[in-house]
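# Architecture at a glance
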Amino acid sequence: MNQTISIQVESPVCGTQEAWASVPDEPAADERAGLMERCRGLLAERDAVLVAHYYVHPDLQDLAQQTGGLVADSLEMARFGAAQKASTLVVAGVRFMGETAKMLSPDKRVLMPELDATCSLDLGCPAPEFAAWCDAHPDRTVVVYANTSAAVKARADWVVTSSCALDIVSDLHRQGRKILWAPDRHLGGYIQRETGADMLLWQGACIVHEEFKALELELLREQYPGALVLVHPESPAGVIALADVVGSTSQILKAARESDRSTIIVATDTGMFHALQQQNPHKRFIAAPTAGNGATCKSCAHCPWMAMNGLRSLEHALLSGSGEILLDRELGARARRSVQRMLDFTASHKGAQAPGSLVPGLGAA
Ligand code: 13P
Ligand code: SF4
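The following paragraphs examine the structure supplied in this document. (Residues numbered from 1 in each chain as written. Chains lettered and ligands numbered in written order. Predicted model: local features only at pLDDT ≥ 70, side-chain atom pairs only at ≥ 80, totals over all residues. Heavy atoms only, no water.)

### Some thoughts on the overall build of the chain
Selection rule: Only DSSP runs of H or I reaching four residues or more are called helices, and only runs of E reaching two or more are called strands; each is numbered from the N terminus. Here the globule rule reads 2.2 Å times residues to the power 0.38, and the radius of gyration is calculated from C-alpha atoms. Relative accessibility decides the category of a residue: with a 1.4 Å probe and only protein chains considered, values under 20% of the type maximum give buried, values over 50% give exposed, and everything between is partly exposed. Here, residues are in contact when the closest pair of their heavy atoms is within 4.5 Å.
Helix and strand content of the chain: 15 helices and 14 strands. Relative to a compact globule of 365 residues, whose C-alpha radius of gyration would be 21 Å, the chain shows 20 Å and is just as compact. Across its three principal directions, the C-alpha atoms of the chain cover 50 × 50 × 40 Å. Burial statistics for the chain: of 365 residues in total, 57% are counted as buried. Counting contacts in the chain only where the partners sit at least 6 residues apart, residues at least 24 apart contribute 65% of the total.

### So, the site of ligand 2
Quick note on the threshold: To be near a molecule or strand, a residue needs just one of its heavy atoms within 4 Å of it. Computed over the protein atoms alone on a 1 Å grid, cavities are sets of points where a 1.4 Å probe fits but cannot get out and pockets are open sets with protein on both sides within 12 Å along at least five of seven lines; a residue lines them when it has an atom within 4 Å of a point. Molecule-in-pocket calls rest on the fraction of atoms, with more than half required to lie within 2 Å of the cavity or pocket grid points. Classes in brief: Ala, Val, Leu, Ile, Met, Phe, Trp, Tyr, Cys and Pro nonpolar; Asp, Glu, Lys and Arg charged; the others, Gly included, polar.
Residues in contact with ligand 2, as listed here, are Tyr55, Val94, Cys119, Ser120, Leu121, Asn147, Cys206, Val208, Glu234, Cys303 and Trp305. With respect to the detected pockets, ligand 2 is housed in the largest cavity. Residues of the shell around ligand 2, tallied by class, amount to 8 nonpolar, 2 polar and 1 charged.

### Here's the deal with the sheet that holds strand β4 (residues 70–72)
How we decide: Pairing between two strands requires that DSSP report at least two bridges joining them. Here, axes are lines fitted to C-alpha atoms. For helices the fit covers the stretch in contact, and angles between N-to-C directions go from 0 to 180 degrees.
One open sheet accounts for 4 strands, arranged β4-β3-β5-β6; its pairing is parallel. The open sheet is flanked by β4 and β6 (109–111), the only strands paired with a single partner. Neighbour-to-neighbour, the strand axes of the sheet open up by a mean angle of 20°, direction not taken into account. Across 3 bridges, strand β3 (residues 48–53) lies against β4 in parallel orientation. Bridged to Ala52 within β4 is Val71.

### Section: helix α10 (residues 214–223)
Put simply, the rule reads: Along the arc lie the directions from the helix axis toward the C-beta atoms.
Those residues of α10 not exposed but buried are Glu216, Leu217 and Leu220. Mapping the buried residues of α10 onto a view down its axis gives an arc of 100°, with all of them on the same face. Where α10 is buried, its residues contact β11 (228–231), α11 (237–240), β13 (263–267) and β14 (284–287).

### Some remarks on the site of ligand 1
Let me state the cut-off plainly: Any pair of N or O atoms that falls within 3.5 Å is considered a polar contact. Within protein, one atom must be able to donate a hydrogen and the other to accept it, and sequence-neighbouring residues count only if both atoms are side-chain atoms. Only the protein chains shown count as covering a residue, and every accessible area follows the Shrake-Rupley method with a 1.4 Å probe.
By nearness alone, every residue bordering ligand 1 is listed as His53, Tyr55, Asp73, Ser74, Asn147, Ser162, His209, His232, Glu234, Ser248 and Thr249. One nitrogen or oxygen atom from the side chain of Ser74 is found 2.6 Å from an oxygen atom belonging to ligand 1. Ser162 places a polar side-chain atom, nitrogen or oxygen, 3.0 Å from an oxygen atom of ligand 1. Notes on ligand 1: free accessible area 310 Å², of which the protein chains cover 96%.

### Quick word on unusual backbone geometry
Most peptide bonds adopt trans geometry, and most residues besides glycine take a negative phi value. Here the residue pair Ala182 and Pro183 is connected by a cis peptide bond, since its omega of -10° sits within 30 degrees of zero. The residue Pro183 is located in the loop between β9 (179–182) and α9 (185–195) in this model. For Asp47, which is not glycine, the phi torsion reads 50° and is therefore positive.

### Concerning the sheet that holds strand β8 (residues 158–160)
Strand order in the open sheet formed by 4 strands is β8-β7-β9-β10, with parallel pairing between adjacent strands. Among the strands making up the open sheet, the edge pair consists of β8 and β10 (199–201). Adjacent strand axes in the sheet meet at a mean angle of 25° when their direction is disregarded. Sheet topology note: the strand β7 (residues 141–145)/β9 ladder contains 4 bridges and is parallel. Bridge pairing in β9 places Val143 opposite Trp181. On the sheet, helix α6 (residues 127–135) packs against β7, β9 and β10 and is oriented at approximately 165° with respect to β9. The sheet contacts of helix α8 (residues 165–174) involve β7, β8, β9 and β10, and relative to β8 the element is tilted by about 145°.

### Describing the packing of aromatic side chains
Between two aromatic rings, the relevant description is the distance of the centres plus the angle of the planes. Going by this rule: A pair of aromatic rings is counted whenever rings of Phe, Tyr or Trp (Trp by its six-membered ring) have centres within 6.5 Å, and the orientation is called stacked for planes under 30 degrees apart, edge-to-face for over 60 and tilted otherwise. Two thresholds decide whether a charge sits over a ring: the Lys NZ or Arg CZ must be within 6 Å of the ring centre and within 35 degrees of the ring normal.
Applying the stated criterion across every chain, the model contains 4 aromatic pairs. Consider the rings of Trp133 and Trp202, whose centres lie 5.2 Å apart with planes at 70°: the pair is edge-to-face. Taken together, the positions of Trp133 in helix α6 and Trp202 in the loop between β10 and α10 put the pair 69 residues apart, joining distant regions of the chain. Each residue in the set Phe130, Trp133 and Trp202 is aromatic and connected to the rest through ring pairs, giving one cluster. One Lys or Arg, Arg341, reaches over the ring of Trp158 and ends 6.0 Å from the middle of that ring.

### Quick word on the side chain of Ser105
For Ser105, the position within the fold is in the loop between α4 (95–104) and β6. Ser105 gets classed as buried once you look at its relative accessible area, which sits at 6%. Among all residues touching Ser105, those that are not within four sequence positions of it are Gly81, Ala82 and Leu89.

### What to know about the nonpolar core
Our working rule: In plain words, nonpolar cores are sets of buried Ala, Val, Leu, Ile, Met, Phe, Trp, Tyr and Cys residues tied together by side-chain atoms within 4.5 Å.
Residues Phe130, Trp181, Ile191 and Trp305 are the most contacted members of the largest nonpolar core, which totals 123 residues. The dominant element in this core, judged by the number of residues it contributes, is helix α15 (residues 329–348), at 6 residues.

### What about the side chain of His186?
In this structure, His186 sits in helix α9. Since its relative accessible area comes to 15%, His186 is described here as buried. Within polar-contact distance, the side chain of His186 engages the side chain of Glu210 at 3.1 Å. Discounting chain neighbours no more than four positions away, the residues touching His186 are Ala205, Glu210, Pro233, Glu234, Ser235, Pro236 and Ala237.

Written out as structure tokens, the structure reads:
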């Protein structure tokens with residue numbers, strides 16, 4: 001029923017680690033309809049709200065939308081979960097998203113369809129080695145990406161997501177702060193180039209976005225000269241350089257909605273195409289290439305850990321209470337400080353969170 005995928009994660013401190021993801025097969029139409037119906041009922045019965053990321057299966061995204069939950073990027077997921085009255089949050093995404101929900105809502109029950117759904121950035125940044133790196137650079141402000149464990153967040157001054165990283169680091173740079181950045185080297189490099197900040201970068205990467213190929217993207221763009229190119233900043237520098245807009249998943253969606261280009265090339269997880277197509281039924285979306293020179297296609301533009309989430313595991317979690325995120329209260333409280341700093345910053349800079357590298361004339365064809 002499940003396909004087990006083996007994944008190699010490279011880390012500056014652990015070398016190459018072997019990881020795995022167990023991806024469920026598609027339920028047949030009648031099983032799927034029954035699962036949707038039962039999950040709908042269970043969410044109501046258990047006083048639970050479903051918060052899903054754009055990369056998870058379309059069924060989970062639809063269910064979240066139909067039941068008063070949310071489909072969003074990681075920043076909005078964190079904000080939404082904390083504002084809910086429901087006693088249970090069900091987070092369909094990867095582990096760090098469930099942990100962030102728990103640290104912001106310690107008195108709520110936080111369930112995940114798949115507790116083993118992790119992230120190569122989180123795996124590649126173990127807390128003890130990260131703490132030693134921080135200790136070696138006491139003069140720097142520690143900024144970590146949300147795709148990290150609670151223990152890494154607890155050691156940080158700031159947590160950022162891809163939708164606010166640029167604004168927060170710009171602000172710190174304006175204050176004259178030097179930055180210690182972890183774990184994504186591509187996002188860190190992008191922010192460094194955009195802001196000119198003094199940043200030391202941990203050398204982690206996302207196995208999905210790292211696969212996008214600049215040369216092949218350039219060739220694709222030549223094939224579709226009028227196309228808009230949208231890129232998630234976890235992608236390599238050469239791919240980012242070809243973007244009309246660089247942004248988080250929500251910022252990519254916003255740019256697609258606001259543009260009047262009819263053809264849009266997208267360099268992010270293919271899970272995004274569900275929301276992109278739903279919101280823009282008359283536009284054509286093309287996946288940026290992951291194959292080509294030097295391609296290994298470890299991920300083929302779909303996160304194997306996001307793909308672990310399915311209707312069957314959601315039903316199981318709701319029925320049995322399995323997949324509960326348990327977080328040490330004291331650790332959760334320490335990690336929460338740096339997450340809360342981000343939420344406070346973004347709340348007071350509303351409207352400033354623009355995606356990067358906006359082309360002049362976006363939306364003007
Ligand atoms: P967003 O914050 O853009 O949703 O990204 C999260 C993520 O894991 C992308 O790979
Ligand atoms: Fe992590 Fe990449 Fe998967 Fe996002 S897409 S959860 S960054 S491995």
